[in-house]
Amino acid sequence: MQEESRGVTRWRRSALIALPATAAIAAMTVAMAQGVLAANLSLTSVPFTLSSTTVAAPKGLGAVLTTVTAGSSTAAAEVGLPKAGLDGICIHAVQSVNLPVVGTVGTWSLNISSPAAATPLTSAQLASGQGIQANNLILDAQSVKGATATLNATATTPNQIGAAADSANIKGTGISDGTAGQFGLDATGGQTDISGLKANANGATIGGAITLPNLAINLANGDTAGKGAGGGDC
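For the structure given in this document, a descriptive report is provided here. Since the model is a prediction, treat every value here as computed from it, not as a measurement.

Criteria and thresholds
- Residues numbered from 1 in each chain as written.
- Predicted model: local features only at pLDDT ≥ 70, side-chain atom pairs only at ≥ 80, totals over all residues.
- Heavy atoms only, no water.
- Helix = DSSP H or I, 4+ residues; strand = E, 2+ residues; numbered from the N terminus.
- Buried < 20%, exposed > 50% of the residue type's maximum accessible area, 1.4 Å probe, protein only.
- Contact = heavy atoms within 4.5 Å.
- Areas by Shrake-Rupley, 256 points an atom, 1.4 Å probe, with all protein chains shown as cover.
- Core = buried A, V, L, I, M, F, W, Y, C linked by side-chain atoms within 4.5 Å.
- Polar contact = N/O pair within 3.5 Å; in protein donor to acceptor, adjacent residues only side chain to side chain.

What to know about the overall build of the chain
Here's step 1: Counting its regular elements, the chain contains four helices and 14 strands.
Here's step 2: Within the chain, the fraction of its 234 residues that count as buried is 40%.
Here's step 3: Restricting the contact set of the chain to residue pairs at least 6 apart, pairs at least 24 apart contribute 81%.
Here's step 4: Working note: accessible area of the chain is about 11,200 Å², and carbon and sulfur atoms make up 56% of it.

In structure tokens:
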């Protein structure tokens with residue numbers, strides 16, 4: 001990702017989960033109490049899942065293919081939402097942890113969650129500023145799925161499948177890695193609404209601070225998902 005020097009909340013791949021667990025939780029006590037996850041939280045070197053019950057992106061979204069691994073079938077794309085309202089968010093990352101001298105201490109999960117509203121928020125409510133609000137949300141992901149998705153547009157502001165990956169509209173979603181001549185999805189013609197969002201990601205960037213009501217950050221032994229929207233697993 002480029003241009004990441006100014007205030008961002010970043011989840012990326014991580015070489016090491018800090019242990020002991022009590023120290024990791026204590027370091028985040030103030031943020032948890034205030035419900036605000038400040039800039040510069042980072043996870044590196046570990047793929048993770050990010051899920052949300054409902055997402056409304058008033059300015060639509062853009063998507064481009066960014067990475068293809070030579071000799072394998074793996075690839076990644078960037079999906080950019082210049083503005084997004086989310087009804088709950090849940091992040092689940094798993095890593096095998098090795099410590100100097102001690103050696104392996106097994107597999108651990110890091111779960112970060114802010115639950116959905118007790119009464120589900122509508123897309124209109126999320127677009128108007130309710131729920132979790134994020135600016136310049138960019139996902140570096142192998143897949144982004146939704147139970148349903150509506151990409152609105154008009155005759156004068158259509159969405160374009162196969163737009164240039166470096167087009168002005170796609171750059172406007174926060175994606176700066178689009179290569180000229182490559183395939184892009186320009187869905188900035190209207191509001192995008194997604195229910196049951198689940199992204200399998202390598203990284204995520206959010207421009208500025210994000211307020212997370214009832215924030216919970218937990219470490220768990222093994223591949224143990226946290227509880228997300230509606231009490232389901234992340």
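As for unusual backbone geometry
Here's step 1: The backbone of Asn 136 sits at a positive phi, close to 55°, despite the residue not being glycine.
Here's step 2: Positionally, Asn 136 belongs in strand E8 (residues 132-145).

With respect to the environment of Val 144
Here's step 1: Assignment of secondary structure puts Val 144 in strand E8.
Here's step 2: The class for Val 144 is partly exposed, based on a relative accessible area of 36%.
Here's step 3: With 57 residues separating them in the primary sequence, Val 144 and Ala 201 have C-alpha atoms 8.2 Å apart.
Here's step 4: Beyond its immediate chain neighbours, meaning those up to four positions away, Val 144 contacts Val 79, Leu 139, Leu 197, Lys 198 and Ala 199.

Things to note about the environment of Ile 138
Here's step 1: Residue placement: Ile 138 occurs in strand E8.
Here's step 2: With a relative accessible area of 7%, Ile 138 lands in the buried category.
Here's step 3: Between the C-alpha atoms of Ile 138 and Glu 78, which are 60 residues apart in sequence, the distance is 6.7 Å.

A short note on the nonpolar core
Here's step 1: Counting 32 residues, the largest nonpolar core has Phe 48, Leu 50, Val 55, Leu 81 and Leu 86 as its most contacted members.
Here's step 2: In terms of residue count, strand E12 (residues 192-207) provides more of this core than any other element does, six residues in total.
Here's step 3: Among all residues touching Leu 81, those that are not within four sequence positions of it are Val 55, Ala 57, Gly 60, Leu 61, Asn 136, Leu 137 and Thr 173.
Here's step 4: Judged by nonpolar contacts, the second largest core, of five residues, contains Val 64, Ala 165, Ile 170 and Ile 175.

Looking at the side chain of Thr 54
Here's step 1: Mapped onto the elements of the fold, Thr 54 is located in strand E3 (residues 48-57).
Here's step 2: Those residues in contact with Thr 54, other than ones at most four positions away along the chain, are Gly 85, Leu 86, Asp 87, Leu 121, Ser 123, Leu 126, Ile 194 and Ser 195.

Observations regarding the environment of Ser 52
Here's step 1: Counting through the fold element by element, Ser 52 comes out in strand E3.
Here's step 2: Taking C-alpha positions, Ser 52 is 6.5 Å from Cys 90, a pair spaced 38 residues apart along the chain.
Here's step 3: With residues near it in sequence (within four places) discarded, Ser 52 still touches Leu 86, Asp 87, Gly 88, Gly 196 and Leu 197.
Here's step 4: Of the polar contacts made by the side chain of Ser 52, one reaches the backbone oxygen of Gly 88; its length is 2.5 Å.

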